[in-house]
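# Remarks on the overall topology
What follows is each chain in one-letter form.
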Amino acid sequence: ILVNRSVVRLFEHVPPLNAVGGNPDPGREVVSFETSDGLTLSGSIIWPDATQPRGLILFCHEVSGNQLSARSYCDGLIEAGFAVFAFDFRNHGRSEQMEGYDPLHWLTDYELGDARAALRFIVGRDDLSRLPLGIFGVSRGGAAALALAAESPEFSCIACDGAYTTNRMMRVFARRWATLLTPAWAHWMLAQWYVDTSLFLGRLRSEMNRGVRYVRLERCLRKLAGRPVFLISGQRDSYVLPEISESVQKTLGPATTDLWIVRGARQNRARQKTTREYDERLVTFFEKHLVETSGHVSLDGLRVVSEIRPTADRLTSS
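Our subject in this report is the structure included herewith.

Criteria and cut-off values
Residues numbered from 1 in each chain as written. Predicted model: local features only at pLDDT ≥ 70, side-chain atom pairs only at ≥ 80, totals over all residues. Heavy atoms only, no water. Helix = DSSP H or I, 4+ residues; strand = E, 2+ residues; numbered from the N terminus. Buried < 20%, exposed > 50% of the residue type's maximum accessible area, 1.4 Å probe, protein only. Contact = heavy atoms within 4.5 Å. Salt bridge = Lys/Arg side-chain N within 4 Å of Asp/Glu carboxyl O. Expected span 1.5 Å × (residues − 1). Arc of directions from axis to C-beta. Lys, Arg positive; Asp, Glu negative; His and termini not counted. Pairing = 2+ DSSP bridges. Axes fitted to C-alpha atoms, helices over the stretch in contact; angles between N-to-C directions.

Per the secondary structure count, the chain includes 13 helices and 10 strands. Split into buried and exposed, the 318 residues of the chain put 57% on the buried side. Taking as baseline every contact in the chain between residues at least 6 positions apart, the subset at least 24 positions apart corresponds to 75%.

A separate point is the pattern of salt bridges. The tally for this structure, following the rule as stated, stands at 14 salt bridges. A salt bridge links R125 to E29; its shortest N-O distance comes to 2.7 Å. Taken together, the positions of R125 in the loop between α3 (109–123) and α4 (126–129) and E29 in strand β1 (residues 29–34) put the pair 96 residues apart, joining distant regions of the chain. Residue E207 pairs with R216 through a salt bridge whose shortest N-O separation is 2.6 Å. For E207, a relative accessible area of 9% corresponds to the buried category. For R216, a relative accessible area of 12% corresponds to the buried category. One network of salt bridges, in which partners are shared, links E29, R125 and D127.

Below, the discussion takes up the environment of Y278. Tracing the sequence through the fold places Y278 in helix α12 (residues 275–291). Residues Y278 and C74, spaced 204 residues apart in sequence, show a C-alpha to C-alpha distance of 9.8 Å. Ignoring any residue separated from it by four or fewer positions in sequence, one finds Y278 in contact with Y73, F136, D161, I232, W260, A270 and R271.

What follows is about the environment of L146. Turning to its location among the elements, L146 is positioned in helix α5 (residues 140–150). Take L146: its relative accessible area is 1%, and that puts it in the buried class. For the pair formed by L146 and I135, sequence separation is 11 residues and the distance between their alpha carbons is 8.6 Å.

As a further point, take α12. Helix length check: α12, at 17 residues, gives a terminal C-alpha distance of 22 Å against a target of 24 Å (1.5 Å per residue), a fit within 8%. For α12, the complete set of buried residues consists of Y278, D279, L282, V283, F285, F286, H289, L290 and V291. Along the long axis of α12, the arc covered by the buried residues comes to 160°, so they all point the same way.

Time to look at the side chain of D161. With respect to the element layout, D161 can be found in strand β6 (residues 158–161). At 8.5 Å, R271 is the nearest oppositely charged side chain to D161, a buried residue that forms no salt bridge. Discounting residues that sit within four places of it in the chain, D161 has contacts with Y73, F136, G137, V138, S139, I232, N268, A270 and Y278.

So, on to the sheet that holds β1. If you trace the eight strands from one edge of the open sheet to the other, you get β1-β2-β4-β3-β5-β6-β7-β8, paired in mixed fashion. Of all strands in the sheet, those with a lone pairing partner are β1 and β8 (257–262), marking the two edges. Here the strands of the sheet are splayed against their neighbours by 20° on average, with no regard to which way each runs. Pairing of β1 with strand β2 (residues 40–46), which is carried by six bridges, proceeds in the antiparallel orientation. Of the residues in β2, the one forming a bridge with F33 is L41. Sheet contacts for α12: β3 (56–60), β5 (133–138), β6, β7 (229–234) and β8; angle to β5, the most-contacted strand, approximately 150°.

Let us look at unusual backbone geometry. If you check the backbone angles, N91 has positive phi at about 65° while not being a glycine. Relative to the assigned elements, N91 resides in the loop between β4 (83–87) and α3. Classification of N91 as buried rests on a relative accessible area of 14%. Here the phi dihedral of S139 falls at roughly 55°; this positive angle occurs in a residue that is not glycine. By relative accessible area, which is 0% here, S139 ends up buried.

Coordinates in, geometry out; function isn't part of it.
Right, dumping it as structure tokens:
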């Protein structure tokens with residue numbers, strides 16, 4: 001019982017995450033849309049100066065952040081001619097608050113449902129649904145991007161900065177906390193099955209206590225095999241360690257997954273560390289996998305794509 005309670009405390013302990021702020025863009029188009037469980041979410045579309053965007057990027061912000069941070073990560077994409085659709089997850093920014101729900105850094109079905117609602121909004125607007133579609137997420141938003149893309153063929157490619165999976169992250173932090181609960185010699189004697197079972201039971205208890213369901217992202221990643229993914233990790237990130245990004249790449253498959261470990265960068269600070277290279281790599285990735293492979297050129301010179309509509313069952317489940 002003591003171990004189980006300790007695991008729950010570990011699971012629900014929110015580390016000091018660094019959410020990047022941003023200022024309102026006076027030129028953005030402000031929108032709102034509803035989730036399948038009736039909450040109203042706030043979003044915005046940042047259009048590039050070009051009359052015809054080269055593609056649309058759905059941006060998923062980090063925990064404790066909001067849609068305004070899109071500029072801090074996506075300025076290079078916007079300058080390169082891409083439109084960016086950003087939104088606030090529930091209980092963040094200008095989106096509606098869900099009573100009794102306190103978001104943590106773990107991805108739940110609630111955040112995944114919010115991302116699904118954003119996708120429904122996109123495919124429901126003719127001017128947005130005609131554009132080649134990619135997705136970009138940061139930290140917990142990166143986990144949401146991977147989970148949504150795994151069930152949504154509408155996304156041609158996926159980019160993530162500091163994304164992580166629940167099980168791998170828990171293993172890393174269990175190692176850190178183990179020395180606080182047991183002597184070091186005893187920790188190394190614990191069988192991995194015992195550690196994994198304790199983490200599994202602690203996660204289940206946390207789900208019951210909070211009335212949520214954590215997304216098993218490890219299962220989702222298998223569905224992304226063969227699709228282009230770009231992972232960014234900070235070398236000095238003390239929370240989402242590079243080894244976590246490496247494990248995500250290994251699961252996805254190195255052949256189609258690029259991993260860039262940014263030297264000297266801390267958590268969510270890769271772009272601040274090397275802005276020019278960050279923008280160049282991100283733009284190159286989306287140009288290669290979104291623009292060049294998205295469709296054909298129509299008679300009026302505008303790139304068009306075949307319209308793929310999500311199934312009602314998949315996008316309305318929460």
